[in-house]
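An overview of the molecular structure
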Amino acid sequence: MTVVRVALPVPLRQHFDYLIDANAQVQVGCRVLVPFGNRKLVGIVWQLDPNNSFDSNKLKPVVAVLDTDPVLPALLCQLLSFAADYYHYPLGEVLISALPALLREGRNLADYQPKAYQLTDNGKQLDASTLKRSAKQLALWQTLLRHQLTESALLQQYSRATLKQLIDKQLAEEIIVPPQPFSAPQIAAKGLKLTAAQAMAVTAVTKAFGRFERLLLEGVTGSGKTEVYLQSIASLLSQQQQVLVIVPEIGLTPQTLARFQARFDVPVLCWHSALTDSERLHCWLQASTGAAAIIIGTRSALFLPFWRLGLIIIDEEHDQSLKQQDGFRYHARDLAIKRAALHHCPILLGSATPSLESLHNALSKRFIHLPLPDRAAGQALPQFELVDLKQQVLQFGLASQTLAKIKQQLAQGSQVMLFLNRRGFAPALSCQECGWLTECHRCSAFTTYHKQSRQLVCHHCGASKAIPRQCGGCGSTQLKPLGQGTEQLEENLQQLFPDVAITRLDRDSTRRKGALHQALEDIHGSGARLIVGTQMLAKGHHFPNVSLVVIVDVDGALYSSDFRAPEQLAQLLTQVAGRAGRGSCGGTVLLQTHYPEHALLQDIINNGYASFARSALLERQQTCLPPYQHLAMFSAEAHQTDPCQQWLQQVADGIAAVATVQLLGPIPAPMERRAGKYRWQLQLYSANRSSMHQALEHILRLVSSWPLSRKVKWQLDVDPTDLT
Ligand code: ADP
Ligand code: ZN
Ligand code: ZN
């Protein structure tokens, strides 16, 4: 017997040693089944024969070795180990979370490999007359005598029963045929004729192949970033290298997938949350065997085991969905950069509105900066016009000049998009007599009135309830919707424009399977149409018939305490506006506000995102905020407020005693209560990454021994993006 050290998916910052047969074929990165308490857990072998093991008499033996080859290859192990250190998250949980669910559950990989059937030695030597009573068996036997058959090919001609009969007679056997790596595309793909800026970008990317390099493609909306991706990867594919493309949400932009599939004669696979467990495992296998050439996926595609990774592309690299917001809170962009470094391959980040972090890296020359300042087919960028809402009589939240412009564009047969970042019918119901508002009893928030589903829904904890008949304050029955959401805007627009087709795009309208697909089809059809939606409209769509974008209400977002709010708002406005004028018709953006003189709006309108972002960076530098300082945040939640505050104070005291880290807090979170729990936070700032790291290491060693740690639910977020 010898010892193996195993990482287990438990919230403990340690490994566990087990005994294993000295002759067992086991490698680091393989799964093992081990006893843990009174359960059995799937763990990952992390070290063979550790020399500082405990007394081996006390160790328990491994129940089973589940893999012959590592499910986590060496480079992926290195990436995940780095991630566990960087985010201070237990390694075992990080490793296991990188595997598809079926492997996490301990399923046998071989069961999911493509299978084929061939004759056994017995079968080959058989005298055909032995089978003359069964024509079906004879036919299958004769085919197998000529060549083996894959499972799918076999089942097209023969039944499973016939196959089973041959196997039972030991005439045929099952074999596993590992998928073969993709072959280099035969025909050179034809692309569009590149603009000068696109051509420079493609040259820079292709020059970086074979080594680690970071590139930022800062291309305005409609500048043809996707064309740059496509033409960059052509030569990689001919060298049989794989490409990983990470996108915010695949479902929203099926066009991107279609463009990759149409361009190259190689297998392109998708990876996203809507796949079933076996589809995920299939994709995982295709990536690891090299059968897939291009994988387009959401953030967790980052953890797929690639056969030969040649390039990582992160499209819309500013998008907030790249950061996981619970549990193992990693940032896919940052880990992708680490992964590229480990694979000695380049990484290309693309966005019209780069994050301030990436822009900072580009401006300080850590990243190669590739600007695409103009739209690809020569269209002008959309023109912004501010609509001052002060002292205006509004009709359904729309100013008269907005309505006139909408009418004009519809009359010309164009499409008009109205952006309102609030789903539901109204943000609350309000009592006409005493002003009472419908609130969530578990959160510090109002509940949104959903008219179609006849419910009040809390958008923070998901709680829903029936619509009350009476005011909870005075008992009056005069309850009216307060404010406007997309559901109401759609209803109102239908009244104003009874003959115009309307498509609403938000999480409610697209919940039903196939609904999103239908909505996108409708929009791509021709003719006048109104499109109403939330930030779903901001995501990379190419709707060439949209000539006018109306931003119905931004005022709520202009004054926020979160230092990232201006960046996020500027990105959202630019992305939404960027849907206008992408076809041959020009584009206009009407921005309705009560604060037309607001500095952010003025900057975006007059100078564009690029200018805004550069001045925002300067401001971050002057106020010592990220990316000029590193930020980490502890948060604590509990049914009472005191334990949260006390626990965070203990953290603050522990850190203050040792490190040069600045502390802000403990303070109540901006959203003080959510899902029945009080929420507090403690922010840590440091100019020095290693001081921050040491402070976190130090405190995390202490917290497990504090009795108070069991009274709160605490979390650590390194480089948090969500401070609510
Ligand atoms: P982005 O991703 O930068 O918003 P897209 O890649 O969607 O832009 O391109 C916008 C439109 O411009 C697409 O219809 C695309 O076919 C077109 N396009 C891209 N590059 C060129 C080019 N070099 N010449 C002509 N049209 C182009
Ligand atoms: Zn009332
Ligand atoms: Zn709630």
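See the structure printed just above.
Figured I'd write up the structure that's included with this text. (Residues numbered from 1 in each chain as written. Chains lettered and ligands numbered in written order. Predicted model: local features only at pLDDT ≥ 70, side-chain atom pairs only at ≥ 80, totals over all residues. Heavy atoms only, no water.)

**Structural notes on the coordination of the zinc ion (ligand 2)**
Taken together, the protein donors to the zinc ion (ligand 2) comprise C431 (SG), C434 (SG), C471 (SG) and C474 (SG), at separations of 2.2 to 2.4 Å. One can describe the donor arrangement at the zinc ion (ligand 2) as tetrahedral, given that its four donor atoms subtend angles of 104 to 112° at the metal. Mapping the donors of the zinc ion (ligand 2) onto the primary sequence gives the spacing C-x2-C-x36-C-x2-C. One end of the pair, C431, is in strand β18 (residues 428-431); the other, C471, is in the loop between β21 (464-465) and β22 (479-482), and 40 residues separate them in sequence. The pair formed by C431 and C471 is uniform in burial state, with each residue classed as buried. (Donors = N, O, S within 2.8 Å, 3.2 Å for Na, K, Ca; no water. Tetrahedral: all angles 85-135°; square planar, octahedral: opposite > 155°, others 65-115°. Helix = DSSP H or I, 4+ residues; strand = E, 2+ residues; numbered from the N terminus. Buried < 20%, exposed > 50% of the residue type's maximum accessible area, 1.4 Å probe, protein only.)

**Section: the packing of helix α8 (residues 196-207) against helix α9 (residues 225-238)**
Packing of α8 against α9 leaves a shortest axis separation of 9 Å and a crossing angle of 40°. The pairing of α8 with α9 is recorded here as oblique in orientation. The handedness of the crossing between α8 and α9 is right-handed. When α8 is examined against α9, the residues Q198, A201, V202, V205 and T206 are found in contact with a partner set consisting of E227, V228, Q231, S232 and S235. Its residues assigned to classes, the contact of α8 with α9 comprises four nonpolar, five polar and one charged. (Axes fitted to C-alpha atoms, helices over the stretch in contact; angles between N-to-C directions. Parallel < 35°, antiparallel > 145°, perpendicular 65-115°, else oblique. Left-handed = near helix turned anticlockwise from the far one by under 90°. Contact = heavy atoms within 4.5 Å. Nonpolar A, V, L, I, M, F, W, Y, C, P; charged D, E, K, R; others polar.)

**Some points on helix α18 (residues 565-577)**
The first and last C-alpha atoms of α18 sit 18 Å apart over 13 residues, in line with the 18 Å expected at 1.5 Å per residue. Within α18, 11 of the 13 residues are buried, leaving the element largely enclosed by the surrounding structure. Residues of α18 that are buried: A565, E567, L569, A570, Q571, L572, L573, T574, Q575, V576 and A577. (Expected span 1.5 Å × (residues − 1).)

**A few points about the coordination of the zinc ion (ligand 3)**
Every protein donor of the zinc ion (ligand 3) is accounted for by C440 (SG), C443 (SG), C458 (SG) and C461 (SG), and the metal-donor separations fall at 2.2 to 2.4 Å. Positions of the donor residues of the zinc ion (ligand 3), expressed as sequence spacing, correspond to C-x2-C-x14-C-x2-C. One end of the pair, C440, is in the loop between β18 and β19 (448-450); the other, C461, is in the loop between β20 (455-457) and β21, with 21 residues separating them in the sequence.

**Some thoughts on the nonpolar core**
One finds L72, I295, F634 and W647 to be the most contacted residues of the largest nonpolar core, which totals 121 residues. For this core, the element with the most residues is helix α19 (residues 599-622), which contributes nine residues. In contact with L72, other than residues within four places in its own chain, are V28, G29, I44, C77, L80, L95, A98 and L99. Core analysis: the next-biggest nonpolar cluster, separate from the first, contains 34 residues, F209, V228, L230 and L257 among them. (Core = buried A, V, L, I, M, F, W, Y, C linked by side-chain atoms within 4.5 Å.)

**A closer look at the environment of L257**
Within the element layout of this structure, L257 appears in helix α10 (residues 254-263). Owing to a relative accessible area of 18%, L257 belongs among the buried residues under this scheme. Here the alpha-carbon distance between L257 and C270, two residues 13 residues apart in the chain, equals 8.0 Å. Ignoring anything within four residues of it in the chain, the contact list for L257 reads V268, C270 and I296.

**Focus on the pattern of salt bridges**
Using the criterion set out here, one finds 29 salt bridges in the structure. Where K164 meets D168, a salt bridge forms, and the shortest distance between an N and an O atom there is 3.0 Å. Taken together, the residues span about one helical turn, with K164 and D168 both in helix α7 (residues 160-168) at a distance of four residues. The exposure class of K164 is exposed, given its relative accessible area of 51%. A single network of salt bridges, built from pairs that share partners, joins E227, R259 and R263. (Salt bridge = Lys/Arg side-chain N within 4 Å of Asp/Glu carboxyl O.)

**Concerning the packing of aromatic side chains**
Taken as a whole and judged by the stated rule, the model has 16 aromatic pairs. Arranged with centres 5.7 Å apart and planes meeting at 25°, the rings of Y89 and F328 form a pair that is stacked. Of the two residues, Y89 is situated in the loop between α1 (74-86) and α2 (91-97) and F328 in the loop between β13 (309-315) and α12 (332-343); the sequence distance between them amounts to 239 residues. The partly exposed category is assigned to Y89, whose relative accessible area is 24%. When the ring of W647 is compared with that of W706, the centres are 6.2 Å apart and the planes differ by 70°; the resulting orientation is edge-to-face. Taken as a pair, W647 in helix α20 (residues 641-656) and W706 in the loop between α21 (689-703) and β30 (713-718) lie far apart in primary sequence, 59 residues in all. A relative accessible area of 12% places W706 in the buried class. Each member of the aromatic cluster is reached from another via a ring pair, and the members are F82, Y86, Y87, Y89, F303, F328 and Y330. (Phe/Tyr/Trp six-rings, centres within 6.5 Å; stacked < 30°, edge-to-face > 60°.)

**Considering helix α14 (residues 400-411)**
Helix length check: α14, at 12 residues, gives a terminal C-alpha distance of 17 Å against a target of 16 Å (1.5 Å per residue), a fit within 8%. Looking only at α14, the buried set comprises T402, L403, I406, Q409 and L410. The buried residues of α14 occupy an angular sector of 130° when projected down its axis, which confines them to one face. Those residues of α14 that are buried lie in contact with β16 (383-388), β17 (415-419), α15 (486-496), β24 (529-533), β25 (546-551) and β26 (588-593). (Arc of directions from axis to C-beta.)

**A word on the site of ligand 1**
Around ligand 1, the surrounding shell holds 17 residues, and the nearest of these are K193, Q198, G222, G224 and K225. Here a nitrogen atom of ligand 1 sits 2.7 Å away from a polar atom, N or O, in the main chain of K193. K225 is positioned with one of its side-chain polar atoms (N or O) 2.8 Å from an oxygen atom of ligand 1. Contact with the protein chains covers 79% of the free accessible surface of ligand 1, which is 560 Å². Ranked by residues supplied to the shell around ligand 1, first place goes to α9 with three residues. Each residue belonging to the shell around ligand 1 can be placed in one class, and the counts come to four nonpolar, eight polar and five charged. (Near = heavy atom within 4 Å. Polar contact = N/O pair within 3.5 Å; in protein donor to acceptor, adjacent residues only side chain to side chain. Areas by Shrake-Rupley, 256 points an atom, 1.4 Å probe, with all protein chains shown as cover.)

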